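If you want the building blocks of each chain, they are given just below.
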Amino acid sequence: MTNNTASNYPARILEMYKTMTLIRAFEEIAEEAFDAGLVNGSIHQYIGEEAIGTAVCANLRKTDFILSNHRGHGHAIAKGANPEAMMKELLGKVGGTSGGKGGSMHIADFSVGMLGANGVLADGLTMGVGAAQALVLRNVDAIVTVFVGDGTTNRGPFYESLNWAMIYELPILFVCENNTYASSTSTRKVTAGPGPVARAEAFGMPAYDVDGNDVREVDEIASKIITNIRNGGGPQFLHAKTYRIKGHVSRDKMLYRPEGETEANWKNEPISRCADWLIKNGISEAEINSTNASAYKEIRDALEAAIAAPFPDGKLAYKDVQDLGNRYLGEHS
Amino acid sequence: MSMITMTQAAAVREGLAEEMRRDPLVWALGEDLSTAHGGTSADQYLGLIDEFGDKRIVNTPISENTIMGAAVGAAVAGTRPVADLRMADFGMCAVDELVNQAAKIRYMFGGQARVPLVVRQAIGVRKGGAAQHSQSTEAWYIHTPGLVVVAPATASDAKGLIKSAIRTDDPVVYMEHKDLWLAEGQVSDNPNDLIDIGKASIMRQGSDLTIVSWSKMALLSLQAADQLKSEGISAEIINLRSLWPWDKDTIYKSVSKTGRLLVAQESVQVAGFGAEISADISENLNHSLKTYVRRIGAPRTPVPYSEPMENEYRVTTTRIIKKAKELFSAP
Ligand SMILES: Cc1ncc(C[n+]2csc(CCOP(=O)(O)OP(=O)(O)O)c2C)c(N)n1
Ligand SMILES: [Mg+2]
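Keep in mind it's a predicted model, so treat the numbers as computed, not measured. (Residues numbered from 1 in each chain as written. Chains lettered and ligands numbered in written order. Predicted model: local features only at pLDDT ≥ 70, side-chain atom pairs only at ≥ 80, totals over all residues. Heavy atoms only, no water.)

Structural notes on the coordination of the magnesium ion (ligand 2)
All names here are of chain A.
So, step 1. Around the magnesium ion (ligand 2), the donor atoms from the protein are Asp150 (OD), Asn179 (OD1) and Tyr181 (O), and they sit 2.0 to 2.1 Å away.
So, step 2. On the primary sequence, the residues serving as donors to the magnesium ion (ligand 2) are separated as D-x28-N-x1-Y.
So, step 3. For asparagine 179, a relative accessible area of 5% gives the class buried. (Donors = N, O, S within 2.8 Å, 3.2 Å for Na, K, Ca; no water. Buried < 20%, exposed > 50% of the residue type's maximum accessible area, 1.4 Å probe, protein only.)

Here's what the structure looks like:
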């Protein structure tokens, strides 16, 4: 459990500040790469939502699993994936997290328990349930965390997963990142009832509302409920309110968004809020500045390395399909 | 009546709007249909909410099973829904409602009910779409008794087929190509211009070889025909448009004339629709064939992301040409 009166508490928050800044830098520089035509596919940015993945993963161990969604860059970095390998994946280069097979929506790093971003909404939920079953079966002392968007709480597998997790008392944390939008649709307009917390509580699952733009608040609650899960308390639900600062996807012009809404929400973005708190609590501005500089340098270097890296051989398209039948793939001559 | 230049996405939108004006029981449902974007990818529904209101342009939650299931229920209950599942990849979330319900209801209830619905689900590789946003699953549905399957190649196909699909009394899977949404073409503004389902279009007459294809591959085959012509091969290009039913008459006639058949498809070749066409022609037109039937399609791998691998995966004009020439070199 976090003890926010402990003398090392500001140092803990500074660590999270570093992670958030690294994610922000990654998303901004990935956008530059996209605009420069270096990214083969599209990207979904996590800008403004960094505090959630960061604070949740700060309370996880390397042996814990996370399952992510289409907006997964931040989750991956927070769980310890290598940003340079991720940037290489975006550019489809050798050394990418999936060797260039997957791209932005399929970043995974099994070595740090990041079991994959996902292109299909809600599939991370059901697979997360299974991963938790596996931990129980294998008697491993670890937990599973699944990240899910607000819009995705209207898919059936969301309910199946919550119900299942409860009846088998699985070691799983559901984190709903409520950025108020599902693509171009305002989630409120297509969602009945009071929202995700009430939905989780309907299954008897302990559920908590947090300000997802306040890294300290997310950390405090995440720390408490993750400890509960580790102690056999069963599934828990964290509802983090935030805002999607950028468009849904890299090409989104956001014509549906009311004027001024983005700007108003930008005032509440988590990184400057965290910086303000750190400065009030004994961390120097110089330290903040050097943290920012080194995060941006790390990601710039990652992009440079990704640009310099070779493309994989096209024939690798035929690798890793499955064990049997590889003689009959029908390779183009 | 005149011809107007528009994108395929706009052509479908026009066709849908005309049918909605003609029949008040036609309506559409799906994610993001009524926002300023009107179906996020290519303005497929732009402005329809203003003309038809929110009872007929229904912006749904992210609930694929219910989008599809509701369309089935609404169809048996006397309306004509157009369900948009956006991409064939997400359409998989609702295969049950489509295959176990929509396709079966008329038959298993002894003809008491009809299921006049259209389900839009886009196919095709879109640059960098990778494994879960680039799949072409037409063969799944052609294999399913009870379903009609169409796949337009041109803007004119797109409009005529959506109109005919809406007027069809059985479920129609309407598979547009994501890469063609913004491709422009000439479209008739006459609301009575339909394209008969089951009728192929001969895009180019030829005498030496028949290339049968659909969707984007029909356009690549047309390019291939230009190149082949300069090398002295006259290729007849057939754009199927409708995959089930498919226009056997047109193909039989063409192959009887040319004696050579190549089927070009973008989807995985193994167990794809090209296999059915090839087998059918081999069984029924063997006497007219000068050489055995050839197919070209994607290898049996998921769609890779990185450009060189994606290029390795793709069926290209060059590959179609190369395959076409094989029909003239080997016996
Ligand atoms: C099953 C499925 N349906 C639709 C889509 C298309 N899609 C991708 S992201 C998205 C919106 C998701 O909204 P939300 O869950 O709130 O996550 P956010 O993008 O806001 O992080 C949609 C509709 C998809 N990828 N998978
Ligand atoms: Mg959202």
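The rest of the description comes next.
Side note on the domain arrangement of chain B
In many analyses, interface size is given as the accessible surface area lost on bringing the parts together.
Residues and elements named next belong to chain B.
So, step 1. Taken domain by domain, chain B consists of domain 1 (3-188) and domain 2 (201-328).
So, step 2. Computed from C-alpha coordinates alone, the two centres of domain 1 and domain 2 are separated by 26 Å.
So, step 3. With 27 residues of domain 1 at the interface, the matching set in domain 2 holds 25 residues.
So, step 4. Surface buried jointly by domain 1 and domain 2 totals about 2000 Å² across both partners, of which 61% is contributed by carbon and sulfur atoms.
So, step 5. The interface formed by domain 1 and domain 2 includes three salt bridges.
So, step 6. Across the pair glutamate 307 and lysine 127 runs a salt bridge whose closest N-O atoms are separated by 3.6 Å.
So, step 7. Across the side of domain 1 that touches domain 2, the residue classes break down as 15 nonpolar, seven polar and five charged. (Domains from an automatic or database assignment. Contact = heavy atoms within 4.5 Å. Buried area = accessible area lost by both parts, 1.4 Å probe. Salt bridge = Lys/Arg side-chain N within 4 Å of Asp/Glu carboxyl O. Nonpolar A, V, L, I, M, F, W, Y, C, P; charged D, E, K, R; others polar.)

A few points about the sheet that holds strand E9 (residues 201-204) of chain B
All names here are of chain B.
So, step 1. Here five strands make up an open sheet; going across it, the order is E9-E11-E10-E13-E14 and the pairing mixed. Of all strands in the sheet, those bounded by a partner on one side alone are E9 and strand E14 (294-298). In this sheet, adjacent strand axes meet at a mean angle of 25 degrees when their direction is disregarded.
So, step 2. In this fold helix H13 (residues 317-329) packs onto strand E10 (209-213), strand E13 (261-268) and E14, with an angle of close to 160 degrees to the strand it touches most, E14. (Pairing = 2+ DSSP bridges. Helix = DSSP H or I, 4+ residues; strand = E, 2+ residues; numbered from the N terminus. Axes fitted to C-alpha atoms, helices over the stretch in contact; angles between N-to-C directions.)

Observations regarding the pattern of salt bridges
So, step 1. Summed over the entire model, instances satisfying the criterion amount to 42 salt bridges over all chains.
So, step 2. Between lysine 88 of chain A and glutamate 84 of chain A there is a salt bridge, with the nearest N and O atoms lying 2.9 Å from each other. Here glutamate 84 of chain A and lysine 88 of chain A lie together in helix H4 (residues 83-90), a separation of four residues that amounts to about one turn.
So, step 3. Among the salt bridges present, the one from lysine 248 of chain B reaches aspartate 280 of chain B, with a minimum N-O distance of 2.7 Å. Remark: aspartate 280 of chain B occurs in helix H11 (residues 273-284) and lysine 248 of chain B occurs in helix H10 (residues 248-258); sequence separation between them is 32 residues.
So, step 4. We classify aspartate 280 of chain B as buried; its relative accessible area is 6%.
So, step 5. One salt-bridge network, in which partners are shared between bridges, spans Glu18, Glu19, Arg22, Lys159, Lys163 and Arg167 of chain B.

Describing the side chain of glutamate 177 of chain A
Residues and elements named next belong to chain A.
So, step 1. Within the secondary structure, glutamate 177 is located in strand E3 (residues 172-178).
So, step 2. Here glutamate 177 is buried and forms no salt bridge, its nearest opposite-charge partner arginine 71 lying at an N-O distance of 6.9 Å.
So, step 3. In this structure, glutamate 177 is in contact with Tyr46, Glu49, Ile52, Gly53, His75, Phe147, Val148, Gly149, Asp150 and Ala240, ignoring residues within four places of it in sequence. (Lys, Arg positive; Asp, Glu negative; His and termini not counted.)

A few points about helix H1 (residues 9-35) of chain A
So, step 1. The end-to-end C-alpha distance of H1 of chain A, which contains 27 residues, comes to 39 Å, matching closely the 39 Å that a straight helix rising 1.5 Å per residue would cover.
So, step 2. Just downstream of H1 of chain A, glycine 37 of chain A is the residue with a positive phi angle, here 80 degrees. (Expected span 1.5 Å × (residues − 1).)

Thoughts on the interface of chain A and chain B
So, step 1. Taken together, the contacts link 46 residues of chain A with 42 residues of chain B.
So, step 2. Summed over the three residues of chain A that lose the most area to chain B, namely Asn40, Arg155 and His332 of chain A, the buried surface amounts to 22% of that side.
So, step 3. At the junction of chain A with chain B, the criterion picks out two salt bridges.
So, step 4. Joining chain A to chain B, the criterion identifies 22 residue pairs in polar contact (both at pLDDT 80 or more). (Polar contact = N/O pair within 3.5 Å; in protein donor to acceptor, adjacent residues only side chain to side chain.)

Side note on a nonpolar patch on the surface
Residue and element names in this part refer to chain A.
So, step 1. Residues Trp164, Ile167 and Tyr168 make up a contiguous nonpolar surface patch of roughly 350 Å² in combined accessible area.
So, step 2. Here isoleucine 167 is to be found in helix H6 (residues 156-167).
So, step 3. According to the relative accessible area criterion, isoleucine 167 is exposed, its value standing at 52%. (Patch = residues over 30% accessible without salt bridge, like charges linked within 9 Å, V, L, I, M, F, W, Y side chains within 5 Å. Areas by Shrake-Rupley, 256 points an atom, 1.4 Å probe, with all protein chains shown as cover.)

Notes on the packing of aromatic side chains
So, step 1. Applying the stated criterion across every chain yields a total of 10 aromatic pairs over all chains.
So, step 2. Centroid distance tryptophan 140 of chain B to tyrosine 141 of chain B: 6.3 Å. Interplanar angle 40 degrees. Geometry classified as tilted.
So, step 3. Accessibility expressed as a relative area gives 0% for tyrosine 141 of chain B, which makes it buried.
So, step 4. The cationic tip of lysine 93 of chain A hangs over the ring face of phenylalanine 311 of chain A; the distance from NZ or CZ to the ring centre is 4.7 Å.
So, step 5. The side chain of arginine 294 of chain B reaches across the aromatic face of tyrosine 292 of chain B, ending 3.6 Å from its centre. (Phe/Tyr/Trp six-rings, centres within 6.5 Å; stacked < 30°, edge-to-face > 60°. Lys NZ or Arg CZ within 6 Å of the ring centre and 35° of its normal.)

Focus: the site of ligand 1
So, step 1. Ligand 1 sits among 21 residues. The nearest are His70, Arg71, Asp150 and Thr152 of chain A together with Glu64 of chain B.
So, step 2. Residues within reach of ligand 1 are spread across chains A and B.
So, step 3. Leucine 121 of chain A has a polar backbone atom sitting 3.1 Å from a nitrogen atom of ligand 1.
So, step 4. Contact with the protein chains hides 97% of the accessible area of ligand 1, taken as 580 Å² for the molecule alone.
So, step 5. Looking at the shell around ligand 1 residue by residue, the class counts come to seven nonpolar, eight polar and six charged. (Near = heavy atom within 4 Å.)

Brief notes about unusual backbone geometry
So, step 1. Look at the link from tryptophan 244 of chain B to proline 245 of chain B: it is a cis peptide, with omega at 0 degrees.
So, step 2. Mapped onto the secondary structure, proline 245 of chain B falls in the loop between strand E12 (242-244) and H10.
So, step 3. Phi at methionine 254 of chain A takes a positive value of approximately 60 degrees, unusual for a residue other than glycine.
So, step 4. The phi dihedral of aspartate 320 of chain A falls on the positive side, at around 70 degrees, and the residue is not glycine.

Topic: the environment of phenylalanine 52 of chain B
All names here are of chain B.
So, step 1. For phenylalanine 52, the position within the fold is in helix H2 (residues 48-52).
So, step 2. Looking at phenylalanine 52, the relative accessible area reads 12%, which means it is buried.
So, step 3. Taking C-alpha positions, phenylalanine 52 is 9.4 Å from proline 24, a pair spaced 28 residues apart along the chain.
So, step 4. Residue contacts for phenylalanine 52: discarding those within four places in its chain leaves Ala17, Met20, Arg21 and Ile57.

Describing the packing of helix H1 (residues 8-22) of chain B against helix H8 (residues 155-167) of chain B
All names here are of chain B.
So, step 1. One can describe the packing of H1 onto H8 by two numbers: an axis separation of 8 Å at closest approach and a directional angle of 30 degrees. Viewed along their axes, H1 and H8 adopt a mutual orientation that is roughly parallel. The chirality of how H1 crosses H8 is right-handed. Touching Gln8, Ala11, Val12, Glu14, Gly15, Leu16, Glu18, Glu19 and Arg22 of H1 are Ala155, Ala158, Lys159, Ile162, Lys163, Ile166 and Arg167, all from H8.
So, step 2. Residue composition of the contact of H1 with H8, grouped by class: seven nonpolar, two polar and seven charged. (Parallel < 35°, antiparallel > 145°, perpendicular 65-115°, else oblique. Left-handed = near helix turned anticlockwise from the far one by under 90°.)

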